[in-house]
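Report on the structure
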Amino acid sequence: MRYLTISFTVMLVLGLSLISAGCMQSEAGAAVLTQSNTVAQAHYTSNETLVAFVESAAAYVKENGKEAALAEFNDPNGSFVRGELYIYAYDFNGTTLAHPVNPEKVGINRLNETEGDVGTFLREMNDAVRNGDGFSRIAYINPTRDRMLESKLAYGVQVDEDWWLGSGIYMGPADLPLPAAPADYPEMIGIWRADGGFVYFLNDTVEKTPTGENTWVVNSQDGRVISGSKTFSLPDGTVENQTFIGIFVPDGETIMFVDQQGELAMGSLVEPDSLFIAWTNPGDSTARIAGTLTLNRDNAA
């Protein structure tokens, strides 16, 4: 909603609040991955955080334009270098447009680069971002963990016909089996209606307000990617309609949403017909906004 959205400030999970390869370099953060014999208990960034981070960068391009966005992405002290997470960008010919960790690669075509399988990775990412999947994996040296060879998950989004941007997270030693992504994603086609929810206005105090009408119609699904439209009421009683797209992350239960306004939210399937959504919104000069919402599929529709 303008609110059911998220200005990827990286929402609440978003925390969402996501992937890279030979063209990037480290990431750490939130989820705990336990490896029995090799790595006892290393901390790794969650998929949700990765997706949220990348989607927030795409929203930044939309709001500020390509030139300003690439300057920000290339700045090692900029807002898109967060711990081990950072944004890189490439055109579909394989030329580096942004890379805050390896600035010497900017302007270089890496499509035929063999070291670290960068060229192979870029070709795979070209396909992944164009078909809407956005995910790819690569084995890559993790400089933050004694240069151990680890599996790296990359996530990218297509900005326009010429270029894409992405980021990456390490998933643990490359010789250990990775969690398999589900072969099939839950069927989401249908009408989903709000069953309670609240909006929180944050200023000097926190004001809690019940959500109004909220109906989401999912009319298309291609594997992990769903799309449709939503109708929701604003606090002043006006009703808005927006299109949206949602992408399942590999766990098969979490969906990252972006709507017509470029704002985002995270949804979790509590049950096959029940979807919990958390979102944030920058709001305006008077207040910041966050909210929760539960959508239930209307099986009678």
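Residues numbered from 1 in each chain as written. Predicted model: local features only at pLDDT ≥ 70, side-chain atom pairs only at ≥ 80, totals over all residues. Heavy atoms only, no water.

Topic: the pairing of strand β16 (residues 264-271)
Under the convention used in this document: Pairing between strands requires that DSSP locate at least two bridges from one strand to the other. Per the convention used, a helix needs a DSSP run of H or I reaching at least four residues, while a strand needs a run of E reaching at least two, with both numbered from the N terminus.
Pairing geometry for strand β15 (residues 254-259) and β16, over five bridges, is antiparallel. Along β16, the bridge assignment pairs Ile 255 with Gly 267. Where β15 folds back onto β16 in an antiparallel hairpin, the turn is made up of four residues, including Gly 262, whose phi is positive at roughly 80°. Between the antiparallel neighbours β16 and strand β17 (residues 274-281) lie two residues.

Topic: the layout of surface pockets
For clarity, the threshold we go by: Note on definitions: the grid is 1 Å and covers protein atoms alone; a cavity is a set of points where a 1.4 Å probe fits but cannot get out; a pocket is an open set with protein on both sides within 12 Å along at least five of seven lines; lining residues have an atom within 4 Å of a point. Grid points are joined across faces, edges and corners, and a volume is the space filled by probe spheres set on the points. Note on residue categories: nonpolar means Ala, Val, Leu, Ile, Met, Phe, Trp, Tyr, Cys or Pro, charged means Asp, Glu, Lys or Arg, and polar means any other residue, Gly included.
Estimates place the volume of the largest pocket at around 450 Å³. Lining the largest pocket are 21 residues, with Glu 55, Ala 58, Val 157, Gln 158 and Val 258 sitting closest to its centre. Those elements giving two or more residues to the lining of the largest pocket turn out to be α1 (47-64), α3 (118-130), β8 (148-158), β14 (239-248) and β15. Top element by residues in the lining of the largest pocket is α1. It accounts for five residues. For the lining of the largest pocket, the class distribution of residues is twelve nonpolar, five polar and four charged.

Describing the environment of Phe 121
Here is the rule we go by: Throughout this description, buried means an accessible area under 20% of the type-specific maximum (1.4 Å probe, protein chains only), exposed means over 50%, and partly exposed covers the range between.
Looking at where Phe 121 falls in the secondary structure, it is placed in helix α3. The exposure class assigned to Phe 121 is buried, which follows from its relative accessible area of 0%. Sequence separation between Phe 121 and Arg 110 is eleven residues; the distance between their C-alpha atoms is 9.9 Å.

Thoughts on the nonpolar core
Worth spelling out the cut-off: Only buried residues count toward a nonpolar core. Its members are Ala, Val, Leu, Ile, Met, Phe, Trp, Tyr and Cys residues joined through side-chain atoms within 4.5 Å.
The biggest cluster of nonpolar side chains holds 29 residues, and the ones touching the most others in it are Phe 73, Ile 87, Tyr 155 and Leu 165. Of all the secondary-structure elements, those providing two or more residues to this core are α1, α2 (66-74), β6 (96-98), β8 and β9 (163-173). For this core, the element with the highest residue contribution is α1, accounting for seven residues. Core analysis: the second largest hydrophobic core is formed by 20 residues, Met 188, Trp 216, Ile 226 and Leu 295 among them.

Details of the side chain of Asn 126
Worth spelling out the cut-off: We call two N or O atoms a polar contact when they sit within 3.5 Å, provided that within protein one can donate a hydrogen and the other can accept it, with sequence-adjacent residues counted only if both atoms are side-chain atoms. Contacts are assigned to residue pairs that have any heavy atoms within 4.5 Å of one another.
Mapped onto the fold, Asn 126 is located in helix α3. On the basis of relative accessibility, which here comes to 7%, the residue Asn 126 falls in the buried class. Engagement of the side chain of Asn 126 in a polar contact is seen with the backbone oxygen of Phe 92, the distance being 3.2 Å. Among residues more than four places away in sequence, those in contact with Asn 126 are Asp 91, Phe 92, Leu 111 and Trp 164.

Focus on α3
Condition: To estimate the expected span of a helix, count its residues, drop one, and scale the result by 1.5 Å.
Under the 1.5 Å per step criterion, the end-to-end length of α3 is 18 Å for 13 residues, consistent within 8% with the ideal 18 Å. By the burial criterion, the buried members of α3 are Val 118, Gly 119, Phe 121, Leu 122, Met 125, Asn 126, Ala 128 and Val 129. In the stretch just after α3, Gly 132 is the one whose phi turns positive, near 90°.

Thoughts on the environment of Thr 95
Topologically, Thr 95 is positioned in the loop between β5 (88-91) and β6. Residue classification places Thr 95 among the buried positions, given a relative accessible area of 17%. On a C-alpha basis, the gap between Thr 95 and Val 106 in space is 7.5 Å, while along the polypeptide they are eleven residues apart. Residue contacts for Thr 95: discarding those within four places in its chain leaves Ala 89, Tyr 90, Gly 107, Ile 108 and Asn 109. At 3.4 Å, the side chain of Thr 95 and the side chain of Asn 109 are in polar contact.

Some points on α2
As a reminder, the rule being used: The arc in question is formed by the directions pointing from the helix axis toward the C-beta atoms.
For α2, every residue scored as buried is listed here: Ala 69, Leu 70, Glu 72 and Phe 73. On an axial view of α2, the arc spanned by its buried residues comes to 160°, and they lie on one face. Away from the buried face of α2 by more than 90 degrees, exposed residues Glu 67 and Ala 71 are located.

Quick notes on the packing of aromatic side chains
Heads up, the condition is: Whether two aromatic rings pair depends on their centres lying within 6.5 Å, for rings of Phe, Tyr and Trp, where Trp uses its six-membered ring; planes under 30 degrees apart make the pair stacked, over 60 edge-to-face, and the rest tilted. We call a charge positioned over a ring when the NZ of a Lys or the CZ of an Arg lies within 6 Å of the ring centre and within 35 degrees of the ring normal.
In this structure the tally under the stated criterion is 13 aromatic pairs. On the basis of an interplanar angle of 50° and a centroid distance of 6.2 Å, the ring pair of Tyr 60 and Phe 73 is categorised as tilted. Taken together, the residues span a long stretch of sequence, with Tyr 60 in helix α1 and Phe 73 in helix α2 at a distance of 13 residues. Note on Tyr 60: relative accessible area 22%, which makes it partly exposed. With a centroid separation of 6.1 Å and an interplanar angle of 65°, the aromatic rings of Tyr 88 and Tyr 90 are classed as edge-to-face. Using a relative accessible area of 0% as the deciding quantity, one classes Tyr 88 as buried. Positioned above the aromatic ring of Phe 80, the side-chain terminus of Arg 82 is 5.3 Å from the ring centre. Between Arg 130 and the ring centre of Phe 92, over which it is positioned, the NZ or CZ distance is 3.8 Å.

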